[in-house]
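Spelled out, the chains give:
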Amino acid sequence: MGKLLALSVCFCFLVLGASSISFRQQPEENACQFQRLNAQRPDNRIESEGGYIETWNPNNQEFECAGVALSRLVLRRNALRRPFYSNAPQEIFIQQGRGYFGLIFPGCPSTYEEPAQQGRRHQSQRPPRRFQGQDQSQQQQDSHQKVHRFDEGDLIAVPTGVAFWMYNDHDTDVVAVSLTDTNNNDNQLDQFPRRFNLAGNHEQEFLRYQQQSRRRSLPYSPYSPQTQPKQEDREFSPRGQHGRRERAGQEQENEGGNIFSGFTPEFLAQAFQVDDRQILQNLRGENESDEQGAIVTVRGGLRILSPDRKRRQQYERPDEEEEYDEDEYEYDEEERQHDRRRGRGSRGSGNGIEETICTASFKKNIGRNRSPDIYNPQAGSLKTANELNLLILRWLGLSAEYGNLYRNALFVPHYNTNAHSIIYALRGRAHVQVVDSNGDRVFDEELQEGHVLVVPQNFAVAGKSQSENFEYVAFKTDSRPSIANLAGENSFIDNLPEEVVANSYGLPREQARQLKNNNPFKFFVPPSEQSLRAVA
């Protein structure tokens, strides 16, 4: 009875934790007071052996207002982004390429296991894992948590503190844009993005901005206690040969290293039950070359254990894997029966065993190749991912949308009632206008490929494509963002009584009727006849 009670209590905690809603911290006072918004470009690049990482400065006022940080990852063929975890939840949009990723959840079981039979097709040639004191007959096959396939257009949700890795198994470079929500309540450190690397000895993505911010915050005085190193700091190097000490009383800072780098070899040897010196040195990042960095090239490629439709457990090389849609597969085989049992669309109807965090879905494709939520064949399309179609986003308190706007088409003036919107231009260009609470245009420029524009909550925004296609992804800081259109069908104007429109804007009834009813489109407005003639 006691065991049953303990199991029930543990399960309740799991259910509550998995279904909890994230709330956001408020930005600092005046952080969202703008006279002008600016389209931002990355200003730092960290090169690695297998690719590079670019970052936007999180100290910019726009990012501080939204409480987010942005980075862009490029993986070349056979490149592995080494595992790390962050102090805040992330949304990662796959702009280009395809490959594999993994999420390591504390406490979840290793459900992928190497085949036990010898001689099976695609069987690994590596010797099985052996523990100290075991003979050949006691060797163990490799097992690990689930490995996921990603494709262009996927949105990947990464919770706070969950280790993440990514691998490119194709010739096309992988380009992934990552948003980190530092204002999320899951982040109980300072409002700064931190990457806790679990392998290697390389520079953190946002370290330089953190150092700049720290130096600006120090008082200008040679006698300030913050600028004087303590006696124990002058005598103690936290990571031996990997540590770096600043000269002349500056604060000690480390440029790289991973979590294991800070532990002594004695601690690690006992923790991992290994006594091989090279293993411990590599674990601590001591045998790293300067070129390796956060992204390493895997010679000969990774061998990935991954299921397909025909073989639920097959050990194979990634480039030989049969094409399939993991999300579609999971729904077809599992969720269809689940929906029949309890009925479809019951939001907040409880959390069963099959919905625990260990078996949750963490990605959804919102790219241009999928059926859109909003579509106008003359103007464009829109696809969204929120807590209704990707449940993990309720936990993260985030969402995203992918938009494709055709030449000279317009998305109507609108605002987000409960979220900031961080727009990243994927391809093409558009003329975008943003208006604040005073009715002033704080942005009236062209948004080009690779640029980021932060649109604060309740600021109105409209855009008109200047290229054949303007494609963008907009990250939202709420799991179910609400959009209020200011023009078009079912908009603010459309839902006002004619008399209110006429008297609010000083218009005759006929003109008020035109203002209400002339635009029959909901969100995307096709090019006007004048625009079409100009193109012709």
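Everything here concerns the structure above.
Conventions we followed
- Residues numbered from 1 in each chain as written.
- Predicted model: local features only at pLDDT ≥ 70, side-chain atom pairs only at ≥ 80, totals over all residues.
- Heavy atoms only, no water.
- Pairing = 2+ DSSP bridges.
- Helix = DSSP H or I, 4+ residues; strand = E, 2+ residues; numbered from the N terminus.
- Axes fitted to C-alpha atoms, helices over the stretch in contact; angles between N-to-C directions.
- Parallel < 35°, antiparallel > 145°, perpendicular 65-115°, else oblique.
- Contact = heavy atoms within 4.5 Å.
- Nonpolar A, V, L, I, M, F, W, Y, C, P; charged D, E, K, R; others polar.
- Buried < 20%, exposed > 50% of the residue type's maximum accessible area, 1.4 Å probe, protein only.

Draft legend 1. Layout of the sheet that holds strand E18 (residues 374-376). Pairing is antiparallel across the open sheet formed by 6 strands, whose spatial order is E18-E19-E20-E27-E22-E25. Pairing within the sheet leaves two strands with one partner each, and these edge strands are E18 and strand E25 (452-455). Across the sheet, the mean angle from the axis of one strand to that of its neighbour is 15°, orientation sign disregarded. With 8 bridges joining them, strand E20 (residues 399-406) and strand E27 (residues 469-476) adopt antiparallel strand pairing.

Draft legend 2. A look at the packing of helix H9 (residues 498-505) against helix H10 (residues 509-517). The N-to-C vectors of H9 and H10 enclose an angle of 110°; their axes lie 9 Å apart at closest approach. When the axes of H9 and H10 are compared, the pair comes out roughly perpendicular. Across the interface between the two elements, Glu-498, Glu-499, Val-501, Ala-502 and Tyr-505 of H9 pack against Arg-509, Ala-512, Arg-513, Leu-515 and Lys-516 of H10. Of the residues that constitute the contact of H9 with H10, the class distribution is 5 nonpolar, no polar and 5 charged.

Draft legend 3. Quick look at the pairing of strand E4 (residues 79-86). Most of E4 is tucked away, with 6 of its 8 residues classed as buried. Of the pairings in the sheet, the one linking E4 to strand E14 (residues 295-297) comprises 3 bridges and is antiparallel in character. Opposite Leu-80, over in E14, you have Val-296 as the bridge partner. Summarising the sheet, E4 and strand E11 (residues 163-168) pair through 3 bridges and their orientation is antiparallel. Bridging across to E11, Phe-84 finds its partner in Phe-164. Across 3 bridges, E4 lies against strand E13 (residues 195-197) in antiparallel orientation. Pairing of Phe-84 across the sheet is with Asn-197, part of E13.

Draft legend 4. Quick look at the sheet that holds strand E10 (residues 154-158). In space, the 7 strands of this open sheet follow the order E1-E2-E3-E12-E5-E10-E17, with antiparallel pairing throughout. The sheet is open, and its two borders are formed by strand E1 (44-48) and strand E17 (363-365), each paired with just one other strand. For this sheet, the mean angle separating the axes of adjacent strands, direction not counted, is 20°. Note that E1 and strand E2 (residues 51-55) share 5 bridges and pair antiparallel.

Read these as geometric descriptors, not functional statements.
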